[in-house]
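# Descriptive analysis of the structure
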Amino acid sequence: MTSVQRCDQCRASYDELDPRVRCACGGLLALEHAPPAEDGASLRRLFEERWGQRNDVNLSGVWRYRELVLPSAGERAVTHPEGNTPLLRRPAIAAWAGLPQLRVKHEGHNPTGSFKDRGMTVGVTQAARLGASAIACASTGNTSAALAAYGAQAGIPALVFVPAGQVALGKLAQSLAYGAKTLLVRGDFDACLRLVQQAADELGVYLLNSINPYRLEGQKTIVLELLHQLCWEVPEWIVLPAGNLGNTAAFGKALREAKALGLIDRVPRLASVQAAGAAPFAQGFAEGFGARRTVKAETIATAIKIGDPASWDRAVQAIRETDGVVTSVTDAEILEAKAVIDAAGVGCEPASAASVAGARRLHAEGVIGRDDRVMAVLTGHVLKDPGVLLTYHQDTDPPPARANRPIEIDADLRAVARVLGR
Ligand SMILES: *Cc1c(COP(=O)(O)O)cnc(C)c1O
Ligand SMILES: [Zn+2]
């Protein structure tokens, strides 16, 4: 074996095929891989060669980087493939943020429409290697969609716990369509998380929440692929939405390892953006991370509606090591950013728009410089949450500034002409 799982707290280590997802002491586990034989320059060449090859594993934007993900499993990966998401330059979005060098990395282009696929390909590959009889997660929706799809591909029954009545329509639809047993829990996300943990302990299903160390290894590739797309030229900022903080933690780990391996010579600054109604981590940052905070979460951006983030300590480390910042944006700012992103022909779900709204706010506050190269991550696809979208454009009175109301007409050419102002 080439990797071990090490406890954050007591440093105990476990074999990479040990099925536990927490240390005996209660600490979280993280993967440590044997250092690859190649130096930074050789790794960069290897990744570049693989990108051009017609083979699902090398073509995957996750497994292409397998030396940093899970070296021993690469050739047996349960892969769609996933990743290979575009890095877009859209002047309308950049202008709204006041940041001419802003680009967006669109993770909504993954197979189930969110970055969760990057974690799930690794998590379900691991579940298959362990011979798991069932897999489970608690989710605000996207994790369950990804778990359901990859579980179906691997032939492993999937069980998802979601807060009843609080999951966006597209996500719930996916989880049903891909055949997961879908439990609508009367409670919030944090209650789902506690319940699925108990179920894993008592009932022996393999837990694929974001604390699962294999998922985080997959999510690191958002950053690796982004740096690869930039020809390993490090930008000033990477901005991302933050809920349970798995991604913030994964980004920090990716940057630490990329620098240690010589893939890059310095790290960009991370900016994690929370919704104002679900911003314990932003509060913690403002307080110098003195104490861990929890809140009762409330926001329209359901993917980041989390009051007690699981990966807190690792996310603190990520922010500290990258000289990063944490901020929050209101639902109104999120909706406006989303309307701008959508109208640029790009589109994203509400939580994703928090990154662009956050970049704009950090620029207005003088934290991000006008000419900084800013890479904002759009985490999910526009069709994930049609409910929020239709409410904004069709059902809000008075209509928001950027609302695009549908127009009902008689089946008559003159009506069309009137709409065109003729
Ligand atoms: C999961 C998710 C997030 C939040 O990521 P965390 O790792 O929980 O901080 C943000 N946006 C979307 C679309 C998500 O699915
Ligand atoms: Zn431990």
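This text gives an overview of the structure that appears in the document. No experiment lies behind these values; they were computed from the predicted model shown.

## Some words on the sheet that holds strand β4 (residues 87–88)
The 6 strands lie next to each other as β4-β5-β13-β10-β11-β12, forming an open sheet whose pairing is mixed. The sheet terminates laterally at β4 and β12 (325–329), the two strands that pair on one side only. Inspection of the sheet shows β4 paired to strand β5 (residues 102–106) by 2 bridges, in the antiparallel sense. From the neighbouring strand, L88 faces β5, where its bridge partner is V104. Sheet strands touched by helix α13 (residues 331–343): β11 (269–275), β12 and β13 (374–378). Its angle to β12, the strand with the most contacts, is close to 90°.

## Describing the layout of surface pockets
Approximately 520 Å³ is the volume attributed to the largest pocket. As for the largest pocket, its lining consists of 24 residues, of which L31, E32, K253, R256 and E257 are closest to the centre. When contributions to the lining of the largest pocket are tallied by element, the ones reaching two or more residues are β3 (29–33), α8 (213–219), α10 (246–260) and α12 (312–321). There is about 290 Å³ of room inside the second largest pocket.

## Some points on the coordination of the zinc ion (ligand 2)
For the zinc ion (ligand 2), every protein donor is listed as C7 (SG), C10 (SG), C23 (SG) and C25 (SG), and the spread of their distances is 2.3 Å. Each of the 4 donor atoms around the zinc ion (ligand 2) contributes to a set of angles spanning 104 to 115°, which defines the coordination as tetrahedral. Here the donor residues of the zinc ion (ligand 2) are spaced in sequence according to C-x2-C-x12-C-x1-C. Of this pair, C10 sits in the loop between β1 (3–7) and β2 (13–15) while C25 is found in the loop between β2 and β3, placing the two residues 15 residues apart along the sequence.

## What to know about the pairing of β12
With 4 of its 5 residues buried, β12 lies for the most part within the structure. Pairing of β11 with β12, which is carried by 5 bridges, proceeds in the parallel orientation. Of the residues in β12, the one forming a bridge with A271 is V325.

## As for helix α7 (residues 189–203)
Spanning 15 residues, α7 covers 20 Å between terminal C-alpha atoms, matching the ideal 21 Å at 1.5 Å per step. Those residues of α7 lying buried are F189, D190, C192, L193, V196, A199 and A200. Against the buried residues of α7 lie β6 (135–138), β7 (158–163), β8 (181–185) and β9 (206–207). At the exit of α7 stands G204, carrying a positive phi of roughly 75°.

## Brief notes about the site of ligand 1
Surveying the vicinity of ligand 1 reveals 15 residues, the closest of which are K116, N142, G243, N247 and T379. Backbone polar atom of L245 to an oxygen atom of ligand 1: 2.9 Å apart, as the coordinates give it. In this structure, G246 approaches ligand 1 through a main-chain N or O atom, which is 3.1 Å from an oxygen atom. Out of a free accessible area of 390 Å², ligand 1 has 97% covered by protein chains.

## Examining the pairing of β8
As defined by bridge partners, β7 adjoins β8 across 5 bridges and the pair is classed as parallel. When the bridges of β8 are listed, F161 appears paired with L183. Crossover β7 to β8 through helix α6 (residues 169–177) is right-handed.

## Section: the sheet that holds β2
Here 3 strands make up an open sheet; going across it, the order is β2-β1-β3 and the pairing antiparallel. Every other strand in the sheet has two partners, leaving β2 and β3 as the edge strands with one partner each. On average, each strand axis in the sheet is tilted by 35° relative to the strand beside it, whichever way the strands run. Examined bridge by bridge, β1 and β3 share 5 bridges and lie antiparallel to one another. Looking at β3, one finds that C7 is bridged to L29.

## Remarks on the packing of aromatic side chains
For the structure shown, the criterion picks out 5 aromatic pairs. Look at F47 and Y65: their rings are 4.9 Å apart centre to centre, the planes differ by 70°, and that puts the pair in the edge-to-face class. Pair noted here: F47 is in helix α1 (residues 40–51) and Y65 is in the loop between α2 (56–59) and β4, with a separation of 18 residues, a long-range link. Looking at Y65, the relative accessible area reads 0%, which means it is buried. Note on F281 and W312: the rings are 5.3 Å apart at their centroids and 80° apart in plane angle, and the pair reads as edge-to-face. Taken together, the positions of F281 in helix α11 (residues 280–286) and W312 in helix α12 put the pair 31 residues apart, joining distant regions of the chain. Take F281 and W312: they sit in the same class, and that class is buried. Here a set of aromatic residues connected by ring pairs shows up, and it is made of F281, F285, F289 and W312.

## Notes on the side chain of E82
Positionally, E82 belongs in the loop between α2 and β4. For the buried E82, no salt bridge is present, and the opposite-charge side chain at shortest range is R118, 7.9 Å distant. Among the polar contacts listed, one links the side chain of E82 to the side chain of T79, at a separation of 2.6 Å. Here H80 takes part through its backbone nitrogen, which lies 2.9 Å from a polar atom of the side chain of E82. Setting aside its immediate chain neighbours within four residues, E82 contacts S60, G61, V62, W63, N110, P111, D117, T121 and Y150.

The rules behind the values
Residues numbered from 1 in each chain as written. Chains lettered and ligands numbered in written order. Predicted model: local features only at pLDDT ≥ 70, side-chain atom pairs only at ≥ 80, totals over all residues. Heavy atoms only, no water. Pairing = 2+ DSSP bridges. Helix = DSSP H or I, 4+ residues; strand = E, 2+ residues; numbered from the N terminus. Contact = heavy atoms within 4.5 Å. Axes fitted to C-alpha atoms, helices over the stretch in contact; angles between N-to-C directions. 1 Å grid on protein atoms, 1.4 Å probe; cavity = no way out; pocket = protein on both sides within 12 Å on 5 of 7 lines; lining within 4 Å. Points joined across faces, edges and corners; volume = space filled by probe spheres on them. Donors = N, O, S within 2.8 Å, 3.2 Å for Na, K, Ca; no water. Tetrahedral: all angles 85-135°; square planar, octahedral: opposite > 155°, others 65-115°. Buried < 20%, exposed > 50% of the residue type's maximum accessible area, 1.4 Å probe, protein only. Expected span 1.5 Å × (residues − 1). Near = heavy atom within 4 Å. Polar contact = N/O pair within 3.5 Å; in protein donor to acceptor, adjacent residues only side chain to side chain. Areas by Shrake-Rupley, 256 points an atom, 1.4 Å probe, with all protein chains shown as cover. Right-handed = clockwise from strand over helix to strand, strands pointing away. Phe/Tyr/Trp six-rings, centres within 6.5 Å; stacked < 30°, edge-to-face > 60°. Lys, Arg positive; Asp, Glu negative; His and termini not counted. Salt bridge = Lys/Arg side-chain N within 4 Å of Asp/Glu carboxyl O.

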